[in-house]
Every structure is written in C-alpha cells, then in structure tokens.
Amino acid sequence: MAEYPQRVCPHCGTPVAQRAEDCLGCGAHLRDAKKWPAIRLPRGSLWLPMLLVVIAVLLWLWKPWQSLRPAVAGSASAEPSVTAQPSPGYEIAPTATPLQTAPPSPTPTLPPSQTVHTVEKGETLITIAKLYGTTAAAIRTANNLKTSPIHEGDKLTIPLLMADTPTPSPTQPPTPTPQVYVVTSGDTLSEIAKRFGTTVEAILQASGLADATGIKAGTRLLVPASLPTAVPVVVYEVKSGDTLSGIAAKYKVTVQQIKDANGLKSDALKVGQKLVVKGAVPTPAPTATETPAPTPTPTQTPVATPVYAAPSLLSPADGTTFSGSDTVILLSWLSEGFLEEDEYYVLRLRRAGPVAQLLPPVWTKVTSYRLDRALYIAGSVQEFFWQVSVMRKTGETEEGAWTGVEISPRGAQRTFRWQ
C-alpha cells in the first residue's frame, strides 16, 4: 500500500489526518486545503455488467430452449407467451403423445362356402369343378356366366360343398374305421372319392373339413369305407287285380317298403301304375314262349332304363310349415349308393303363392340342399313342391344349362309352406 507524506496544519503546524477538514490544534478550517483524491470508476462502468447478470438470470429461469417443441400437424399455431417461472428449478418436458392413426381397414374375406380361383392355361369349367369337388353349373351360376368359355387369368368365385351332417338311416350299420390318404400333386377330391368308392362330402365330413379350400399336396385325409353295393331294384307295372300285398309277396319284401319307396299313403293302386320295388327277389315263374314280332324302329326318348330306385325323401315332412326369413330349410333324402362321375341327384322345386315359379333344377352329388333365404317373401304364405330323381348328364344347352336322362323314377312329391 502506497504511503503519503504527513499532513500538517498550514496555520499552526499541527499534524492532521489526510482527510481532516478542521485543525484540532488551532481550529483553523482546512477546507481549502488539498484534499485526498477519491478513487472513482469511470462513469457508466458498472451498469453494463449488472445488466448482463440480470439478463443471464432471467434466461436461466425462463429456459426458452425447453419450450421450443414441434407443433402437431393440423393444430392451430399461436405465438407462445413468455412467462417467467417464479422460482428456479428443473422443468421436466412432458412426453409427446403419439399421434393416433386410424386402424387398417379389415381385408374383406369370402364366406367359408366360397373361394377364388385364377384360371390357368388349358383349364375348363369341368376341370376346375373337379379340382374343388363341385360342378361346372354351380361355378357358372356363381359367376353369372352365360357361356362356357373362360380365359387364362380370369378370377372365378368357386362355390364349395359344405359338409352337412345327413340324417342317419335307422338301419345303417356301424361305420368302419376310415383309411388315411395323403394327397399327392394332381389329385382331386372327385378322383379320390371314386378311387375309394365313396363321395366328396363323405371325405370332407370324415376329415373334419368344411370345404376343399385348404386341401393341397401332403394333406392327410380320412377316407371312409366304401359305400355298400346298391340293392337290386325292380320297376313293376301294376296289372288288373294286383294288390300291394300280392306284389310284396311276389318279390319277398314288405308292403311298407313298397309304400316308402314310392311315397304311397294308401294301398290303392291303378292299372298301369309303375312301382319301384327295392331289394326285390322275384319268384321264378314259367314264362310262355312268345312268337317274336318284327322289331319296330326305336324312337329316341330322354328316359333311360332305371338304374336306381326313386330317392326316398327324409325331411321336411310333407305339409310342414316354416316361419320367418331366418329359418334354415334343409331338404334331404336317402342316398342311392355310389353315383358315377356323370350321375347326379336332381332336385326340382316349384313354388306357388304371390310368385308362381318353376325354379331351375339343382344338380348335386350330395343328399341335401339348403333353400336360399332370398326366396322368402315377407307377409305372404308360399307353398313349395319338391321331388328328387337321379339323372345322367349328357350335355349342355347354349345357355349353359345341363341336360341329361333320368336313370331313376322321380321320388314322391312333397310340399311345405313358408310364411
């Protein structure tokens, strides 16, 4: 620290303090004496640092860098207001809420009774129908095709056979253990069924499959045992004096069997009436030798020699009444044994009421048919007539309708009401 010379009173010579204004010795006033220079900072040298300190404190409290967050798209933008926090401390930024995205729209799926097939080169409706165990007519109807030609790359809706549980026959023997068959490349359900003497729907039922969609090479199928051989059938023409009991005794069957096979409700017969006798064992009788007559020129007829008996109808019972559009009406009949590839059950339906209509015949390999709910008419009573026969397909019309010949008599006609 710098030392200054001793200050003395100019009047009496008494030592005085460096900053004294009066002499203690003589009382002289020392105001005009030399004063100690004051140490002062230059003017304006303190307010600038203090201003910087205040700004730094405000910035630390406000933390503007934490309030800069990206605005959500689509929200209204507004200028943020600057608000100083009352007390210092850390501010935890809120977690950003993820934008809600609309869930993906579900992919439309076909009902379990349909699938889509892309036509490949060389395929026809018949080969595609065999591949899925259905019929060409069903594919044509499902796709509103008026002509048979199809082209490579076309996408066709394939109606699949549903595995309906048939009503068991009272005399049906126990079902043997089914065989296991591994599908190989090129197999079709129709060929497998024919190879084992069974039907497509029987394989689907035994394998627990609803349709043929998932069947491919390597699939293990349960194939039920072969169907029993069809019982012998005789078509008998009623003659004058015949009775049901006499015909039953002649063929060693019961009267009730003849009535069931022909849908008879009484024992009354008419001359010329044709009766189907199942399981007939005719009693040999001598026949008179007839003089051969000239063979007339045969005339083409659409009726072939009966191969099967008239299908016996199971349900619904004759005269049944159904109510409501949600009612499931399943028409079913007894199987006539194994049908060849070109043989089908043909269901004929006719309705009367507000709409009188002969519906298109239904060609099918199965022994049941579920009535289309679109036929229901609210507030009206309709009467339906139905019967079944076995036919062999011989061709198609220009419109694509199947044609054929009957190889069994038509079963008894039944009726039911739908209101």
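Cut-offs applied
Residues numbered from 1 in each chain as written. Predicted model: local features only at pLDDT ≥ 70, side-chain atom pairs only at ≥ 80, totals over all residues. Heavy atoms only, no water. Helix = DSSP H or I, 4+ residues; strand = E, 2+ residues; numbered from the N terminus. Buried < 20%, exposed > 50% of the residue type's maximum accessible area, 1.4 Å probe, protein only. Contact = heavy atoms within 4.5 Å. Areas by Shrake-Rupley, 256 points an atom, 1.4 Å probe, with all protein chains shown as cover. Pairing = 2+ DSSP bridges. Axes fitted to C-alpha atoms, helices over the stretch in contact; angles between N-to-C directions. Parallel < 35°, antiparallel > 145°, perpendicular 65-115°, else oblique. Nonpolar A, V, L, I, M, F, W, Y, C, P; charged D, E, K, R; others polar. Core = buried A, V, L, I, M, F, W, Y, C linked by side-chain atoms within 4.5 Å.

## Focus: the overall build of the chain
- When you go through the chain residue by residue, the secondary structure sums to eight helices and 18 strands.
- Across the 419 residues that make up the chain, the buried fraction comes to 30%.
- Contacts in the chain between residues far apart in sequence, at least 24 positions, make up 64% of those at least 6 positions apart.
- Accessible surface, the chain: about 28100 Å² in total, of which carbon and sulfur atoms supply 59%.

## Regarding unusual backbone geometry
- Residues S315 and P316 are joined by a peptide bond in cis, for which omega reads 0°.
- Structurally, the position occupied by P316 is in the loop between strand 9 (313-315) and strand 10 (320-322).
- Within the chain, N144 stands out as a residue other than glycine whose phi angle is a positive 55°.
- In this fold, N144 is placed in the loop between helix 4 (136-142) and strand 4 (155-159).
- Since its relative accessible area comes to 68%, N144 is described here as exposed.
- One non-glycine residue, K252, lies in the positive phi region at around 60°.
- For K252, a relative accessible area of 61% corresponds to the exposed category.

## A few points about the sheet that holds strand 9
- On the basis of which strands lie adjacent, the open sheet formed by three strands has the order 9-11-15 and antiparallel pairing. Across the chains shown, the open sheet's two edge strands, defined by having one partner strand only, are strand 9 and strand 15 (368-370). Pairs of neighbouring strands in the sheet enclose a mean axial angle of 20°, with direction left out of account.
- Of the strand pairs in this sheet, strand 9 and strand 11 (residues 330-333) are connected by two bridges, and their pairing is antiparallel. By the bridge assignment, L313 is partnered in strand 11 with W333.

## Some remarks on the pairing of strand 12 (residues 343-352)
- With respect to burial, strand 12 is a largely interior element, eight of its ten residues being buried.
- Relative to strand 16 (residues 382-396), strand 12 is paired through ten bridges, and the arrangement is antiparallel. Considered in strand 16, the bridge of R350 is made with F385.
- Here strand 12 runs beside strand 14 (residues 362-364); their pairing, made up of three bridges, is antiparallel. When the sheet's bridge partners are listed, L347 is paired in strand 14 with V362.
- With two bridges joining them, strand 12 and strand 13 (residues 357-358) adopt antiparallel strand pairing. Counted as the bridge partner of R350 is L358 from strand 13.

## Describing the packing of helix 7 (residues 244-251) against helix 8 (residues 255-262)
- In contact at an axis separation of 8 Å, helix 7 and helix 8 are set at 105° when each is read in the N-to-C sense. Between helix 7 and helix 8, the angle is such that the two are roughly perpendicular. Contacts between helix 7 and helix 8 involve L244, S245, I247 and A248 on the former and, on the latter, V255, I258 and K259.
- Taken together, the residues of the contact of helix 7 with helix 8 break down into five nonpolar, one polar and one charged.

## A word on the nonpolar core
- If you look at the biggest cluster of nonpolar residues, it comprises 22 residues, and the most contacted ones within it are L349, L371, W386 and F416.
- Where this core is concerned, the elements lending two or more residues are strand 11, strand 12, strand 16 and strand 18 (414-418).
- With four residues, the single largest contributor to this core is strand 16.
- Excluding residues within four positions of it along the chain, L371 makes contact with I329, L349, F384, F416 and W418.

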